[in-house]
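Single-letter residue listing:
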Amino acid sequence: MKRASSESASSATAAKKLSTFNNTGGFTADSIPQHHYHLGENNYAVVSDFGNVLNVHIRNFKTNENGRNFPTKNGVSFSLYVWNHLLPKWTIHLYHQRLEKC
């Protein structure tokens, strides 16, 4: 059973924000979309704003036979709050790894 809404259907649809991942056409390596950041190999960081909440996705992408990249289920998603707390620790960890290799 559907809930009754005080807003009309047209105003509710206009206020709805689409996610960055709703683009199902994929992309090529030559045309990486806005808010997608290549991390190496088939890994990308994607910043999305779904439902007025910012999230950072670290995701593995798969390339199809036409050379277009599509997200897979392999990856993680962080809220902006969690991402801001993890990033400094991750940066320090990577710095120490580089020092050990020298």
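Residues numbered from 1 in each chain as written. Predicted model: local features only at pLDDT ≥ 70, side-chain atom pairs only at ≥ 80, totals over all residues. Heavy atoms only, no water.

A. Broad picture of helix α2 (residues 80–101). Between its first and last C-alpha, α2 extends 31 Å over 22 residues, near the 32 Å set by a 1.5 Å rise per residue. The principal kink in α2, of about 30 degrees, is found at leucine 86, preceding the proline proline 88 by one to four residues. (Helix = DSSP H or I, 4+ residues; strand = E, 2+ residues; numbered from the N terminus. Expected span 1.5 Å × (residues − 1). Bend = angle between axes of the 7 residues up to and from the residue.)

B. Expanded view of the confidence of the model for the protein chain. Across the protein chain, the average pLDDT comes to 79, with 76% of residues at or above 70. Note that residues 5–19 has pLDDT below 50 and, in this model, 7 contacts with residues that lie over four places away or in other chains. (pLDDT = per-residue confidence, 0-100. Contact = heavy atoms within 4.5 Å.)

C. Quick peek at the sheet that holds strand β2 (residues 43–50). The strand order across the open sheet built from 4 strands is β1-β2-β3-β4, with neighbouring strands paired in antiparallel fashion. At either margin of the open sheet sits one strand with a lone partner, and together these are β1 (36–40) and β4 (69–79). Across this sheet, the average inter-strand angle for adjacent strands is 30 degrees, counted without regard to direction. Here 8 bridges tie β2 to strand β3 (residues 53–63), and the two strands are oriented antiparallel to one another. Bridging from a neighbouring strand, tyrosine 44 pairs with arginine 59 of β3. Taken strand by strand, α2 contacts β3 and β4, and its axis lies near 85 degrees from that of β4. (Pairing = 2+ DSSP bridges. Axes fitted to C-alpha atoms, helices over the stretch in contact; angles between N-to-C directions.)

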